[in-house]
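Chain residues, written in single-letter form:
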Amino acid sequence: MPDAVDVSEALAVAREAAREAAEILLSSWPAIGRGEASRKRPRDLVTEADRRSEERIIERIGRAFPDHAIVAEESGGRARAGSLRWIVDPLDGTTNYVHGFPMFAISIALYDGDLPLTGLVVDPVRGEWFSARVGEGAWVDRGDSGSARRLAVSEPGDPKEGPLLATGFPFKNLAETDRYLAAFRALFERSSDMRRAGSAALDLAYVAAGRVDGFWEMDLNPWDIAAGELLVLEAGGVVSDWRGGAEHRMSGWIAAGGPATHRLLTSILAAYAT
């Protein structure tokens, strides 16, 4: 098969690319000032660290897999024939990064068409490396030769308590504020609490790790979702759009969690979906 790839090798390359990117991000953080960030559009920041991180990831992957396409947030990546494509976010949580708030990540995923093969989400500050390979589970480690721990999604111990949910605000699309707040209220009344940390990639990793029971957001991009989705799936969770369908990668309207939490999310969010 012309598009066959060794998934273990692909993940190893992703890890090396992420290691170099993490060094770039940490070399200027938290000393980076707000004046060093520019705006792609209102409320959407980009820094030189974003660009350098992405360049390094593309260079590393491109050298190892010259026939693969790459979809990247800042540069757009590169087009290639075939079904294999990498989806890269060199810095998810740029606003946090610029403000010195320690919640940002590197996200790298490899897809064969619509099938996720491997995903990696790296938290450079905490030194946590969340990874998954299709059919082989999701894991977290410290990025070195130490032991890895297998991930599993969680559900509330007491159904009356409600799940702990993570979310993200539609800060780039203020026209959706009223719809978002209505959905937020409906879910908040059925949850134990809500968290908003500012990195969708880490939110999904935390769902996979059982640190939150579910995650929902609107208007995300493919690179925000690509790696985290596989983490959740391989940890026993469910990922969909707000109606429970498979349009989340295109629409950016996502619901993810353990099976019971996911059912709760979609049962409520469907009423607010476009």
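See the structure above.
Now for a look at the structure at hand. Since we're looking at a predicted model, the values are computed, not measured. (Residues numbered from 1 in each chain as written. Predicted model: local features only at pLDDT ≥ 70, side-chain atom pairs only at ≥ 80, totals over all residues. Heavy atoms only, no water.)

1. Examining the sheet that holds strand β10 (residues 164-167)
What counts, and what does not: DSSP calls a pair of strands paired once it identifies at least 2 bridges connecting them. Counting from the N terminus, the helices are DSSP H or I runs at least four residues long and the strands are E runs at least two residues long. Axes here mean lines fitted to C-alpha atoms, for a helix over just the part in contact, with angles spanning 0 to 180 degrees between N-to-C directions. Whether two residues touch is decided by their heavy atoms; if any such pair falls within 4.5 Å, the residues are in contact.
Reading across from one edge, β11-β10-β12-β14-β13 is the order of the 5 strands in this open sheet, with mixed pairing throughout. Single-partner strands in this sheet number two, and they are β11 (193-195) and β13 (238-240). Taken over all neighbouring pairs, the strand axes of this sheet differ in orientation by 15° on average, direction set aside. In this structure, β13 lies alongside strand β14 (residues 254-257), joined through 3 bridges in antiparallel fashion. Across the sheet, the residue bridging to V238 is G257, located in β14. Each of β10, β12 (214-217) and β14 touches helix α5 (residues 200-208); the most contacted strand, β12, lies at about 155° to it. On top of the sheet, helix α8 (residues 259-269) reaches β10, β12, β13 and β14; it is set at about 155° to β14, its chief contact.

2. Remarks on the layout of surface pockets
What counts is decided by this rule: Here a cavity denotes grid points, spaced 1 Å and computed from the protein atoms alone, that fit a 1.4 Å probe unable to get out, and a pocket denotes an open set having protein on both sides within 12 Å along at least 5 of 7 lines; residues with an atom within 4 Å of a point are the lining. Grid points are joined across faces, edges and corners, and a volume is the space filled by probe spheres set on the points. Under the grouping applied here, Gly and all other residues not named as nonpolar or charged are polar, the nonpolar ones being Ala, Val, Leu, Ile, Met, Phe, Trp, Tyr, Cys and Pro and the charged ones Asp, Glu, Lys and Arg.
The calculated volume of the second largest pocket comes to roughly 230 Å³. Residue composition of the lining of the second largest pocket, by class: 8 nonpolar, 1 polar and 3 charged.

3. With respect to unusual backbone geometry
Of note, the bond from W29 into P30 is cis; its omega dihedral lies within 30 degrees of zero at 5°. With respect to the element layout, P30 can be found in the loop between α1 (7-27) and β1 (38-41). In the Ramachandran plot, D219 falls in the positive-phi region, its phi being about 65° despite a non-glycine side chain. In this structure, D219 sits in the loop between β12 and α6 (222-234).

4. Digging into the packing of aromatic side chains
The following threshold applies: The pairing test for Phe, Tyr and Trp rings, Trp by its six-membered ring, is centres within 6.5 Å, and the orientation test on the planes gives stacked under 30 degrees, edge-to-face over 60, and tilted for anything in between. Only protein chains enter the calculation, and the probe is 1.4 Å; a residue is then buried if its accessible area is under 20% of its type maximum, exposed if over 50%, and partly exposed in between.
Taken as a whole and assessed by the stated rule, the structure comprises 11 aromatic pairs. Between Y180 and F184, the aromatic rings sit 6.1 Å apart at their centres with planes inclined by 45°, giving tilted as the arrangement. Remark: F184 and Y180 occur in helix α4 (residues 177-188); sequence separation between them is 4 residues, near one turn of the helix. Residue classification places Y180 among the buried positions, given a relative accessible area of 1%. Through a chain of ring-to-ring contacts, the aromatic side chains of F169, Y180, F184, F188, W216, W242 and W253 assemble into a single cluster.

5. So, the nonpolar core
Looking at soluble globular proteins, one finds that nonpolar side chains tend to be buried together. Here is the rule we go by: Residues enter a nonpolar core if they are buried and are Ala, Val, Leu, Ile, Met, Phe, Trp, Tyr or Cys, with the set joined through side-chain atoms within 4.5 Å.
Formed by 38 residues in total, the largest nonpolar core has its most connected members in V121, F130, L151, F215 and L231. Of all hydrophobic cores here, the second largest spans 31 residues; its members include A18, F104, L110 and L120.

6. Focus on the environment of V122
Tracing the sequence through the fold places V122 in strand β6 (residues 115-123). For V122, a relative accessible area of 1% translates into the label buried. For the pair V122 and D112, spaced 10 residues apart in sequence, the C-alpha separation works out to 22 Å.

7. Some words on the pattern of salt bridges
For clarity, the cut-off: By definition, a salt bridge exists where a carboxyl oxygen of Asp or Glu is found within 4 Å of a side-chain nitrogen of Lys or Arg.
The full count for this structure, using the stated rule, is 14 salt bridges. Put simply, E20 and R60 hold a salt bridge, and the shortest N to O gap is 2.1 Å. Here R60 lies in helix α2 (residues 48-64) and E20 lies in helix α1, a separation of 40 residues in the sequence. Residue class for E20 comes out buried when judged on its relative accessible area of 17%.

As far as function goes, none of this settles anything; it's purely spatial.
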